[in-house]
Amino acid sequence: MLRIAGLDLVWPDGRKALDGVDLTVGAGEFLSIVGPSGCGKSTLLRIVAGLIPPSAGGLDWSDAPTSGGIGFVFQEPTLMPWAKVLDNVRLPLDLARVPRKEGGVRAMQQLERVGLADFSAAYPRELSGGMRMRVALARALVTRPRLLLLDEPFAALDEITRFKLNDDILALWREAGVTALFVTHSVFEAVYLSTRVAVMSARPGRIVADIAIDLQHHRQQSMRTEPAFGALCRRVSDARSAGMAGGMAGGEVAA
Amino acid sequence: MTGAGIWRWLAPLLLGVLVLALWEWAVRALDVPVFVLPAPSAVARALVADYPLLLGSLWLTLKITLQAFVLALITGVGLAVLFAQSRTLSAALYPYAVILQVTPVVAIAPLVIIWVGYERVDLALLILAWIVAFFPILSNATLGLTAVDPNLRDLFRLNGAGRWQTLWRLQMPSALPYILAGAKVSGGLALIGAVVAEFVAGSGTASGLAWRIVESGNRLNIPRLFAALLLLSLLGILIFAALSWLQRRLLARWHESEIGRGA
């Protein structure tokens, strides 16, 4: 679906954020990008979204997500506090000038999918953090995007809510048949969710490992304690540590 | 809540009654001449006796204040929207808006009157009150329109939002709390502006409350002066209360400033 090739990003002040990032995203994948904070993984996501132009290299879309565009979920729920939940979910459709009535129906369906149909008339501040994040997910999926970008969406949530949302996002991903690009600093979360995990080095960010997660397709919380899960976490974790040390000159951790 | 709530109303009320009683007693006991300090009862009598005259003046002052306020709201927000669209325009115009603000209105009043003509004093009053009321709305609206959650701005960009969509769906609602806070200040200033303008430019043809105060002072009709003053205060309180109510009404369900006030 997308080939990222030799992508560099240099900030105006001369700091180099990304250094020759190569990454292929296949259609239907759930690809996580793991890396230490400040490694530029969120920046990479913003470049893919078209919010920041890269300094060099580029994005090669074999299958550009034009129709539904790109869904983006931020670190914060990023809801409009003055608008009701339903209006927040409908926003991307409103901006695309989808007729109001049709937009309302589609937004409501998406709210049902995240289990918040009863809260359509509530304001964001009346919801819990986890519920707000689910509204943000509904909003990102309401346009039926081909590509869903998630920028550490669960980082600010407590662990129980986080586990619950992990299962929710997997269900939504399967149901919507969407390609997901997920940025996180949590190794466990990445392994639990993904079909593939790419590991980034400390700044300037490069991809230092690309690990296929060959666990069974249907993930369950009980898998978190299984040996295979632990082994994969270990591999991702080792690659991350190596990347943080920065001594990876040319070396690739084999997938 | 109930005990403390009632007390919050009762305490200032009791204090007011006490002060009025003390005032009345002091004026009578010390035999203060009425042209120095009239007793509250004398002010009340003047209020009743001069009722038609004062009401006419009240209406004129209210009219100019409201017109100036609405004009300030429209021009302030309008200019802020222009500023938010273009940094260059904002940089070029903002200093002049500040100059307009810091120049004492009394100093430009004679000029404004000459320009609009003595036969249209009402218009002169309106312009002067507008100059005073306009700036808080402009500066608050400008701040509010630019203080938008950067992630929400990105979300709008990502979904291909146009300039107008971003303005109406994102910047305006974000700016609303700021604009309302500015309006609250500006409402009071519009009244002050109208009063100051009347002091300088009022005449027999435009006799608002401030003009009545000047006139009553010249004629040593001090009870009437106090009555006009009382009406001015009430007008100010009314404007403040109305704008506070509007602020609560519009922001109650979503903005932090109004949450937990039980409106």
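Residues numbered from 1 in each chain as written. Chains lettered and ligands numbered in written order. Predicted model: local features only at pLDDT ≥ 70, side-chain atom pairs only at ≥ 80, totals over all residues. Heavy atoms only, no water.

Student: With reference to specific residues and values, describe the sheet that holds strand β2 (residues 16-25) of chain A.
Tutor: Residue and element names in this part refer to chain A. Sheet architecture is open: three strands sit in the order β2-β1-β4, paired in antiparallel fashion. The open sheet has two edge strands, β2 and β4 (56-61), and neither has a second partner. Strand-to-strand twist of the sheet, defined as the mean angle between neighbouring strand axes without regard to direction, takes the value 10°. As defined by bridge partners, strand β1 (residues 2-10) adjoins β4 across five bridges and the pair is classed as antiparallel. Residue pairing for β4: Leu2 is matched across the bridge by Trp61. Together, β1, β2 and β4 form the strand contacts of helix α1 (residues 41-49), whose direction differs from that of β1 by roughly 120°. (Pairing = 2+ DSSP bridges. Helix = DSSP H or I, 4+ residues; strand = E, 2+ residues; numbered from the N terminus. Axes fitted to C-alpha atoms, helices over the stretch in contact; angles between N-to-C directions. Contact = heavy atoms within 4.5 Å.)

Student: How would you explain the interface of chain B and chain A if you had to name every residue and give the values?
Tutor: Contact with chain B, which involves 18 residues of that partner, is made by 22 residues of chain A. Interface area, chain B with chain A, both sides summed: about 2,100 Å², of which 63% is carbon and sulfur. A per-residue breakdown of the area chain B buries against chain A is headed by Leu158(B), Arg253(B) and Trp254(B), which together make up 30% of the total. In this assembly, chain B and chain A are joined by three salt bridges. For the salt bridge of Arg253(B) with Glu126(A), the shortest nitrogen-to-oxygen distance reads 3.0 Å. Between chain B and chain A we count six residue pairs in polar contact (both at pLDDT 80 or more) in total. (Buried area = accessible area lost by both parts, 1.4 Å probe. Salt bridge = Lys/Arg side-chain N within 4 Å of Asp/Glu carboxyl O. Polar contact = N/O pair within 3.5 Å; in protein donor to acceptor, adjacent residues only side chain to side chain.)

Student: Mind laying out the domain arrangement of chain B, listing which residues take part and the relevant values?
Tutor: How big an interface is tends to be stated in terms of the accessible area lost upon association of its parts. All names here are of chain B. The assigned domain composition of chain B is domain 1 (1-31) and domain 2 (38-251). Between the C-alpha centres of domain 1 and domain 2 the distance comes to 32 Å. Between domain 1 and domain 2, the buried area comes to about 410 Å², and carbon and sulfur atoms account for 69% of it. By the criterion of area lost to domain 2, the three top residues of domain 1 are Trp23, Glu24 and Val27, representing 84% of everything that side buries. Linking domain 1 with domain 2 are two residue pairs in polar contact (both at pLDDT 80 or more). (Domains from an automatic or database assignment.)

Student: Hey, could you go over the packing of aromatic side chains for me, with residue numbers and the actual values?
Tutor: Residues and elements named next belong to chain A. For the structure on display, the rule yields ten aromatic pairs over all chains. Measuring from centroid to centroid gives 5.8 Å for Phe30 and Phe182, while their planes differ by 45°, and the two rings are tilted. Of this pair, Phe30 sits in strand β3 (residues 30-34) while Phe182 sits in strand β7 (residues 179-184), and the two are 152 residues apart along the sequence. Ring geometry for Phe72 and Phe74: centres 4.6 Å apart, planes at 35°, overall tilted. You can call Phe72 buried: its relative accessible area is 2%. Taken together, the ring pairs in this structure connect Phe30, Phe154, Trp173 and Phe182 into an aromatic cluster. The lysine or arginine in question, Arg224, covers the ring of Tyr192, its NZ or CZ lying 4.1 Å from the ring centre. (Phe/Tyr/Trp six-rings, centres within 6.5 Å; stacked < 30°, edge-to-face > 60°. Buried < 20%, exposed > 50% of the residue type's maximum accessible area, 1.4 Å probe, protein only. Lys NZ or Arg CZ within 6 Å of the ring centre and 35° of its normal.)

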